[in-house]
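Listed below, chain by chain, are the residues.
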Amino acid sequence: MESKEKIKIVVAIASFAVLSIFFTAQYRKRRYRKCTQSSCYLHTEPKPQSSFKRVLADNSYSAFKHLKLSESNSETSLNSHPYEAEISALLENAEIEFSFGTESMDLKMSDSYVWVETELQLKELADVLSKQRVFAVDTEQHSLRSFLGFTALIQISTQNEDYLVDTIALHDAFDVLQPVFANPSICKVFHGADNDVLWLQRDFHIYVVNLFDTAKACEVLSKPQKSLAYLLETYCGVATNKLLQREDWRQRPLSVEMLEYARTDAHYLLYIANCLIAELRQHDSENSCCPDDKLHFVLEASRRSNTVCLQLYIKEIEITPGESAASSIISRHLNGQGGISSKACDLQFQDLVRRLCTWRDLMARVHDESLRYVLSDQAIIALADKVPTTQKEICTLISQADLNVDSLSSSSILPSPSPVVCSHLEDFNYLFQDKMGKLDDVFLEILQKHLGPEGSCPLSVFNYAILSKTNLKLTYRLVSKQNGIKNSKQVGQKASRELFVKKFSCKSPVYHNCRIFASDGRLLCYCDRRKLEWYVRRGLAKLVDDNPLAIMLLFEPKGRPEDEDNDFYVQSKKNICVGCGERNHYLRYRIIPSCYRMHFPEHLKSHRSHDIVLLCVDCHEVAHSAAEKYKKKIAAEFGIPLFVLKVVDSREAQVASQLSTSEVNTVEAGVSPLQLRTAAMALLRHGPRMPSKRREELRQTVMKYYGGREITEEDLEKALLVGMSPHERKRLERKKGMSLKHSKGTGFPNKEQESNARSMGTSPIDNALKVDGEGGLNTTKGEACGKQENGNDLEITMEVLAGDSNNLSPDRSEMSEMKDMCVMDTDNCESRSQSEGTLDLFYPKSDGNASPKHNPKLSLLGHGPHGKEVVDHLLKEYGEDGIREFCQRWRQAFVEAIHPRFLPAGWDVMHSGRRDFGEFSVYNPAKKAFVPADG
Ligand code: AMP
Ligand code: MN
Ligand code: ZN
């Protein structure tokens with residue numbers, strides 16, 4: 001070869017190399033740029049399922065709810081098979097004659113088929129099917145771009161026709177086919193129905209009753225193979241390309257091959273079933289001489305088929321999301337696959353794998369994607385191994401890992417890194433940085449980041465429930481961090497007030513005249529227009545009336561008005577402070593303090609909404625402090641002290657309220673059990689670490705309770721239980737299975753138990769605090785650190801209870817309102833306290849009705865005992881009229897304190913508390929007296 005040519009070749013090679021390096025670099029850059037976009041990819045990439053309005057299996061960590069046919073067995077058999085009886089009958093008495101009459105059937109697949117994509121067509125199909133004795137079914141699923149997968153196509157073949165049903169277009173209308181599938185006198189032929197049966201339940205609440213599964217027949221007949229391909233080839237001489245099974249069945253229109261394939265899967269099933277039944281029959285007739293000891297073939301095939309129908313779809317739920325995937329990745333590496341086995345023993349590696357798996361699980365649910373689409377196992381390993389520090393490095397690591405591992409497999413077709421990773425890269429910094437934090441914190445904060453008020457990702461029917469079931473805690477974490485409540489000393493009075501307004505007042509109107517109905521037509525609540533629009537915009541509800549506006553929810557809300565005493569919500573009111581007319585913020589205020597009302601006879605409580613009004617934060621404060629004063633007045637007048645004083649031993653707590661009457665005359669002198677308990681708690685948990693001055697203050701509080709003597713740790717522990725009734729104590733112990741360090745049978749949780757309990761949702765301490773009857777929990781300065789967690793939980797409760805309160809985006813607040821509709825009776829804000837410069841923490845008042853399981857009436861905390869004594873006294877001395885008069889006094893006191901100018905028409909200090917009947921109502925007792933005899 002001449003040197004010239006050699007040079008040419010070298011130059012060519014060199015330039016090729018340069019070019020390829022250049023293009024690779026360009027490609028990498030492009031990919032990286034693509035990878036660093038910050039907005040969620042879903043905003044620009046709508047998926048077919050985003051048009052679904054109703055999903056039965058959402059992506060939340062909650063169990064699947066099966067169809068319930070009768071209310072009667074709903075209690076006992078939660079999630080039992082709705083057609084268990086019908087299927088059992090088939091199993092016991094499977095004498096079904098299979099005469100499919102396919103003799104006349106044209107085996108050859110014609111060119112014509114019916115594509116079903118409108119509701120009308122679907123109804124027509126249901127009609128056709130209801131007249132069949134048998135039809136064949138197959139389904140195609142999509143699972144890559146969905147977390148739980150969804151049915152993308154259903155093929156149904158009768159003897160005369162092949163139907164291809166577009167289950168994406170008809171997703172919300174599919175109920176129409178429920179009856180034919182559940183009809184025991186129509187036989188459904190499937191091949192290998194195990195999955196199809198569950199998928200139909202998951203997506204449509206369709207339950208198959210009376211199944212003939214050709215795969216089961218193969219089993220019974222001991223066929224060499226039981227695949228559909230085998231049967232098609234053997235009985236019909238048809239070859240299929242089963243690879244088409246893995247196509248993307250969401251695409252529309254379907255390709256010619258896919259259409260052909262889909263039809264083939266159902267078209268020949270009736271014919272094949274007929275052949276198999278003939279064979280089964282033949283075996284039976286051969287065995288007819290000795291029927292007892294032989295397998296009855298037809299029966300057995302039918303029985304095995306219908307056993308498949310009895311299966312129920314379940315959502316697998318892990319306690320720690322992603323945990324099982326993480327364990328399997330880690331154990332695979334401990335076993336030395338993948339070449340970095342030494343790493344697998346590394347705790348940091350394991351921790352990162354767990355975090356990444358949790359993140360992947362959460363992100364897959366939030367975006368409704370499969371795990372493998374979000375992030376591959378090999379990418380997780382690479383990330384946990386290398387611990388990348390830059391976003392670029394993260395992207396490179398992921399794409400390399402996916403390239404290295406079986407580049408032949410389908411996974412290499414997937415974008416790597418996935419759009420999920422690319423548009424949420426900041427999460428990784430977070431995952432990698434916060435190495436010491438707890439996994440569930442990471443998990444919660446990420447969820448907040450994506451689906452929270454200013455979340456990056458779209459909310460859908462698939463992920464709505466994740467948020468609505470988790471955002472309580474999220475809000476608390478976010479709010480407490482943002483506002484720095486951690487150091488309550490830094491929160492000045494002004495800031496505190498602002499925060500109070502922000503967090504607890506109802507910024508958007510509480511009362512509107514738009515209505516929300518449940519899917520069964522029951523009125524859930526009145527609300528504002530924006531809320532309606534929110535639901536409708538997201539396809540979570542449909543408009544049922546436009547004047548005045550009304551919607552019907554397409555999902556089952558967590559609470560119903562009738563769950564609790566929620567009649568308040570089914571009324572319409574003005575959204576202003578009744579005191580001054582303020583429109584921007586207000587909260588509910590109870591005119592009759594709960595400490596009394598909770599002890600009223602039931603029928604006198606019924607008119608609660610009359611005595612619950614909206615007040616702005618300022619009027620609220622005025623009203624509250626006036627009420628506190630008025631309580632003292634009542635206490636003096638009746639000689640019934642507000643606080644229990646000096647209970648020497650917790651055992652004596654039961655008699656304390658009797659003792660106190662005689663022993664105490666100044667209501668100011670005592671230590672409230674609540675004060676006592678918070679002081680004791682703070683000392684126990686943080687005593688050694690708190691400033692000595694504060695420690696001494698708290699010690700004095702506790703000592704005052706013990707009559708001024710020196711106190712021991714045991715005393716502190718005992719003090720924690722003061723005010724709890726024996727019943728409450730027992731409940732606490734039973735619930736948490738814990739015991740006191742010093743005294744037997746009483747419960748102060750140790751740190752470990754406490755944190756366990758907290759991670760499960762409630763800490764024993766929370767519970768201990770929550771049994772308070774009055775509901776007010778004042779954080780005074782020094783205890784803040786000790787009580788922070790409890791306090792925050794309470795705040796959240798409050799925030800959610802306040803429902804439409806807070807100035808978070810309407811979306812979130814509205815959701816939380818709807819979600820916890822049943823607990824929105826939150827007007828216990830009267831406990832807004834007098835403490836200086838701190839944010840007061842409230843929690844839902846145990847109102848006697850609020851939670852039947854708790855019995856706050858027994859509690860000695862707060863003003864509960866005082867209230868009970870007053871009410872008992874009134875009832876004894878004056879009967880129910882005494883109570884009515886008492887209420888009137890409180891209304892009068894309220895009017896005097898606030899001079900309300902904006903009370904609703906009809907509000908009256910003299911309000912009877914009896915049921916008000918319309919002037920012309922025949923039930924009106926006054927009217928009755930005048931009804932003429934002939935009237
Ligand atoms: P078939 O019962 O063969 O019609 O399959 C029904 C659905 O199951 C298909 O649409 C696929 O989503 C899924 N499927 C079945 N087998 C496989 C497989 N080997 N790989 C991927 N997906 C499959
Ligand atoms: Mn198929
Ligand atoms: Zn997103």
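Whatever comes next refers back to the structure up there.
Remember, predicted model here, so these are calculated numbers, not experimental data.

**Student:** Explain the overall build of the protein chain to me, using residue names and the numbers behind them.
**Tutor:** Within the protein chain, the regular secondary structure consists of 36 helices and 14 strands. Put simply, the protein chain has 935 residues, and 53% of those count as buried. Looking at the protein chain alone, contacts between residues at least 24 apart form 72% of all its contacts between residues at least 6 apart.

**Student:** Kindly report on the coordination of the manganese ion (ligand 2), identifying the contributing residues and their values.
**Tutor:** Taken together, Asp138 (OD), Glu140 (OE) and Asp265 (OD) make up the protein donors of the manganese ion (ligand 2), found 1.9 to 2.1 Å from the metal. Ordering the donors of the manganese ion (ligand 2) by residue number gives the pattern D-x1-E-x124-D. In this pair, Asp138 sits in strand β2 (residues 134–142) while Asp265 sits in helix α8 (residues 256–267), placing the two residues 127 residues apart along the sequence. With respect to burial, Asp138 and Asp265 carry one shared label: buried.

**Student:** Can you lay out the coordination of the zinc ion (ligand 3) for me, pointing to particular residues and giving the numbers?
**Tutor:** Summarising the metal site, the zinc ion (ligand 3) is bound by the protein donors Cys40 (SG), His367 (NE2), His424 (NE2) and Cys457 (SG), whose distances to it range over 1.9 to 2.2 Å. What the four donor atoms of the zinc ion (ligand 3) show is an angle range of 99 to 122° at the metal, which sorts the shape as tetrahedral. Judged by its relative accessible area of 0%, His424 falls in the buried class. Accessibility expressed as a relative area gives 8% for Cys457, which makes it buried.

**Student:** Which residues make up the pairing of strand β3 (residues 150–157), and what values do they have?
**Tutor:** By the criterion of burial, β3 is predominantly enclosed, with eight of the eight residues buried. Pairing analysis gives seven bridges linking β2 to β3, with the strands arranged antiparallel. Among the inter-strand pairings, Val137 is bridged to a residue of β3, identified as Ile156. As paired elements, β3 and strand β4 (residues 162–165) share four bridges and run antiparallel to each other. Looking at the pairing, Ile156 lines up with Tyr163 of β4. Between β3 and β4, which follow one another and run antiparallel, lie four residues.

**Student:** Tell me about the nonpolar core, residues and numbers included.
**Tutor:** Membership of the largest hydrophobic core comes to 80 residues, with the highest contact counts inside it found for Val353, Leu356, Trp359, Leu375, Leu383, Phe428 and Tyr535. Looking at this core, the element that brings in the most residues is helix α13 (residues 347–367), giving ten residues. Excluding its chain neighbours within four sequence positions, the residues that come into contact with Leu383 are Leu356, Leu375, Pro388, Ile394, Leu397, Ile398, Phe428 and Phe432. By size, the runner-up hydrophobic cluster in this structure holds 36 residues, among which are Leu90, Tyr163, Leu170 and Ala182.

**Student:** Describe the sheet that holds β3, and please don't skip the residues or the numbers.
**Tutor:** Note: strands within a sheet are paired through backbone hydrogen bonds, in either parallel or antiparallel orientation. The strand order across the open sheet built from six strands is β1-β4-β3-β2-β5-β6, with neighbouring strands paired in mixed fashion. This sheet does not close on itself; its edge strands, each paired only once, are β1 (114–116) and β6 (211–213). On average, each strand axis in the sheet is tilted by 25° relative to the strand beside it, whichever way the strands run. Here β1 pairs with β4 via three bridges, running parallel. Directly across from Val114, in β4, lies its bridge partner Tyr163. With respect to the sheet, helix α9 (residues 269–286) is in contact with β2, β3, β5 (187–190) and β6, its orientation differing from that of β2 by roughly 120°.

**Student:** Please give an account of the site of ligand 1 that cites residues and values.
**Tutor:** If you check the shell around ligand 1, you find Asp138, Thr139, Glu140, Gln141, Trp199, Lys242, Gln245, Arg246, Trp249, Tyr261 and Asp265 and nothing else. Within the backbone of Gln141, one N or O atom sits 2.9 Å away from an oxygen atom of ligand 1. A distance of 2.9 Å is found between an oxygen atom of ligand 1 and a side-chain nitrogen or oxygen belonging to Lys242. About the coverage of ligand 1: the protein hides 68% of its 480 Å² of free accessible area. For the shell around ligand 1, the secondary structure elements donating two or more residues are β2 and α8. Looking at the shell around ligand 1 residue by residue, the class counts come to three nonpolar, three polar and five charged.

**Student:** So, the packing of helix α27 (residues 673–686) against helix α28 (residues 692–705): which residues are in play, and what are the values?
**Tutor:** Look at α27 against α28: their axes get within 9 Å of each other, and the N-to-C directions meet at 130°. By the angle class used here, α27 and α28 are oblique. Seen along the crossing, α27 lies across α28 with a hand that is left-handed. Residue-level inspection shows Gln675, Leu676, Ala679, Ala680, Ala682 and Leu683 of α27 in contact with α28, the latter providing Arg695, Leu698, Arg699, Thr701, Val702 and Tyr705. Partitioning the contact of α27 with α28 into residue classes produces eight nonpolar, two polar and two charged.

About the thresholds
- Residues numbered from 1 in each chain as written.
- Chains lettered and ligands numbered in written order.
- Predicted model: local features only at pLDDT ≥ 70, side-chain atom pairs only at ≥ 80, totals over all residues.
- Heavy atoms only, no water.
- Helix = DSSP H or I, 4+ residues; strand = E, 2+ residues; numbered from the N terminus.
- Buried < 20%, exposed > 50% of the residue type's maximum accessible area, 1.4 Å probe, protein only.
- Contact = heavy atoms within 4.5 Å.
- Donors = N, O, S within 2.8 Å, 3.2 Å for Na, K, Ca; no water.
- Tetrahedral: all angles 85-135°; square planar, octahedral: opposite > 155°, others 65-115°.
- Pairing = 2+ DSSP bridges.
- Core = buried A, V, L, I, M, F, W, Y, C linked by side-chain atoms within 4.5 Å.
- Axes fitted to C-alpha atoms, helices over the stretch in contact; angles between N-to-C directions.
- Near = heavy atom within 4 Å.
- Polar contact = N/O pair within 3.5 Å; in protein donor to acceptor, adjacent residues only side chain to side chain.
- Areas by Shrake-Rupley, 256 points an atom, 1.4 Å probe, with all protein chains shown as cover.
- Nonpolar A, V, L, I, M, F, W, Y, C, P; charged D, E, K, R; others polar.
- Parallel < 35°, antiparallel > 145°, perpendicular 65-115°, else oblique.
- Left-handed = near helix turned anticlockwise from the far one by under 90°.

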